[in-house]
Amino acid sequence: MPEISNTTETSYADGKILRHATGGVGVITFNNPDKRNAMSLEMWEGFGEALTSLRDDAAVRVVILRGAGGKAFVSGADISQFEKTRHNAAASAEYAKRSAAQRVLLADYPKPTIASIQGFCLGGGMQVAMLADIRIAAHASQFGIPAARLGIAYGYDGLRHLVSLVGPSWARLLMYTGMRIDSAEALRIGLVERVVPDDQLWGETMAIAQGISENAPLAIKAAKLTIAEVLKDEGQRDMDAIKAIGNACMDSADFREGRQAFMEKRKPQFQGR
Ligand code: COA
């Protein structure tokens, strides 16, 4: 796993979730490589804590999600916990509530997020990756949702994102068969945005994250918010929020800085206000 320089590490869920922040870029690492980073409930909750802490860190402008060990991003929920926590509808409702609460944090995240995917990205791992704003994958990655092989339903939110990324036909093919696809196919169907050689994944992800972290935070927030509204049904869209953030951008010190920096042929220094 590439080291992250100039940073302190904070760990959650007994070290199975790690959090770093460096130069405006926050990183959350799923760190359970012996189980291909399968997510236990404790990891879901630790993931939520890490997301919250990076959300509330004013210096962090973009968050990368990645898996440790080189073999997996996340191989899904930890199936060994299912017998105890997810064996029937009642138990499953409690499980879903506790894990879904963390995914809501990611779905509503105010900062841009990037999934940096190397190796297996399966089931609940796909859900995490699809909730991120951008997906960059290494060549050797594999993607799939084996819910039909286990006998579980994938749920509305996961399927909504799958359908919006790859369309209903590919969603059906993936869900009915539980098949795994490689990174070339994932790229072709729109599941990931970019595929790079394995040894370039981290450099490429960091370059994109750093580029985002140097841009105007309010303008990025406006893009993120507006794209989320575009994806809603027409009647549900909050056009006032879009207008408000547009006005906030136009009145911002950063817009002034952006104009001045352009005219003075220098790099802008944005403050997020
Ligand atoms: N939950 C619990 N344990 C998991 C896991 C999961 N989702 N995915 C992998 N593991 C464990 C394996 O049981 C194995 O444990 P062991 O060493 O104690 O036997 C270890 O991780 C390594 O997995 P293994 O299958 O030997 O590695 P592999 O590289 O050949 O295959 C996977 C990796 C991810 C393709 C395979 O483990 C797999 O199909 N996992 C289940 C994926 C899944 O169904 N996810 C959806 C859950 S909703």
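Residues numbered from 1 in each chain as written. Predicted model: local features only at pLDDT ≥ 70, side-chain atom pairs only at ≥ 80, totals over all residues. Heavy atoms only, no water.

**Things to note about the domain arrangement of the protein**
Here is step 1: Taken domain by domain, the protein consists of domain 1 (10-213) and domain 2 (217-263).
Here is step 2: Inter-centroid distance (C-alpha atoms) of domain 1 to domain 2 is 27 Å.
Here is step 3: Facing 8 residues of domain 1, the contacting portion of domain 2 comprises 4 residues.
Here is step 4: Summing both sides of the interface, domain 1 and domain 2 together bury roughly 500 Å²; the carbon and sulfur share of this comes to 60%.
Here is step 5: There are 1 salt bridge connecting domain 1 and domain 2.
Here is step 6: Between Lys224 and Asp133 there is a salt bridge whose closest N-O contact spans 2.9 Å.
Here is step 7: In this structure, the connection of domain 1 to domain 2 is made through 3 residue pairs in polar contact (both at pLDDT 80 or more).
Here is step 8: Taken together, the residues of the side of domain 1 that touches domain 2 break down into 4 nonpolar, 1 polar and 3 charged. (Domains from an automatic or database assignment. Contact = heavy atoms within 4.5 Å. Buried area = accessible area lost by both parts, 1.4 Å probe. Salt bridge = Lys/Arg side-chain N within 4 Å of Asp/Glu carboxyl O. Polar contact = N/O pair within 3.5 Å; in protein donor to acceptor, adjacent residues only side chain to side chain. Nonpolar A, V, L, I, M, F, W, Y, C, P; charged D, E, K, R; others polar.)

**Things to note about unusual backbone geometry**
Here is step 1: A positive phi angle is found at Asn37, which is not glycine, with a value near 60 degrees.
Here is step 2: Summarising the element assignment, Asn37 is placed in the loop between strand S3 (25-30) and helix H1 (41-55).
Here is step 3: Residue classification places Asn37 among the buried positions, given a relative accessible area of 0%.
Here is step 4: A positive phi angle, near 55 degrees, is found at Lys265, a position not held by glycine.
Here is step 5: Looking at the secondary structure, you find Lys265 in the segment after helix H11 (253-263).
Here is step 6: Residue Lys265 is classed as exposed on the basis of its relative accessible area of 78%. (Helix = DSSP H or I, 4+ residues; strand = E, 2+ residues; numbered from the N terminus. Buried < 20%, exposed > 50% of the residue type's maximum accessible area, 1.4 Å probe, protein only.)

**Points about the site of the ligand**
Here is step 1: Neighbouring the ligand are 14 residues; Asp34, Arg36, Ser75, Ala77 and Ile79 lie closest to it.
Here is step 2: At a separation of 2.9 Å, a nitrogen atom of the ligand approaches a polar backbone atom of Ser75.
Here is step 3: Interatomic distance of 2.9 Å between a backbone N/O atom of Ile79 and a nitrogen atom of the ligand.
Here is step 4: About the coverage of the ligand: the protein hides 57% of its 860 Å² of free accessible area.
Here is step 5: Here the residues of the shell around the ligand are counted per class, giving 8 nonpolar, 1 polar and 5 charged. (Near = heavy atom within 4 Å. Areas by Shrake-Rupley, 256 points an atom, 1.4 Å probe, with all protein chains shown as cover.)

**Re the nonpolar core**
Here is step 1: Counting residues in hydrophobic clusters, the biggest one holds 48 residues, and the most contacted among them are Phe47, Phe73, Phe143, Leu162 and Leu191.
Here is step 2: Put simply, the parts of the chain that give this core at least two residues each are S3, H1, strand S4 (62-67), strand S5 (72-74), helix H3 (89-107), strand S6 (113-117), helix H4 (124-131) and helix H6 (156-177).
Here is step 3: Looking at this core element by element, the count peaks at 7 residues for H1.
Here is step 4: Those residues in contact with Leu162, other than ones at most four positions away along the chain, are Met126, Met130, Ile145, Gly167, Ala171, Leu174, Met175 and Leu191.
Here is step 5: Of all hydrophobic cores here, the second largest spans 14 residues; its members include Val25, Val62, Ala138 and Met206. (Core = buried A, V, L, I, M, F, W, Y, C linked by side-chain atoms within 4.5 Å.)

**Here we look at the packing of H1 against H3**
Packed helix pairs are characterised by how far apart their axes lie and by the angle those axes make with each other.
Here is step 1: Between H1 and H3, the shortest axis-to-axis distance is 9 Å and the interhelical angle comes to 25 degrees. Classified by the angle between their axes, H1 and H3 sit roughly parallel to one another. Seen along the crossing, H1 lies across H3 with a hand that is left-handed. Across from Leu41, Trp44, Glu45, Phe47, Gly48, Leu51, Thr52 and Arg55 in H1, the residues of H3 making contact are Tyr95, Arg98, Ser99, Gln102, Arg103, Leu105 and Leu106.
Here is step 2: Here the contact of H1 with H3 is composed, by residue class, of 7 nonpolar, 4 polar and 4 charged. (Axes fitted to C-alpha atoms, helices over the stretch in contact; angles between N-to-C directions. Parallel < 35°, antiparallel > 145°, perpendicular 65-115°, else oblique. Left-handed = near helix turned anticlockwise from the far one by under 90°.)

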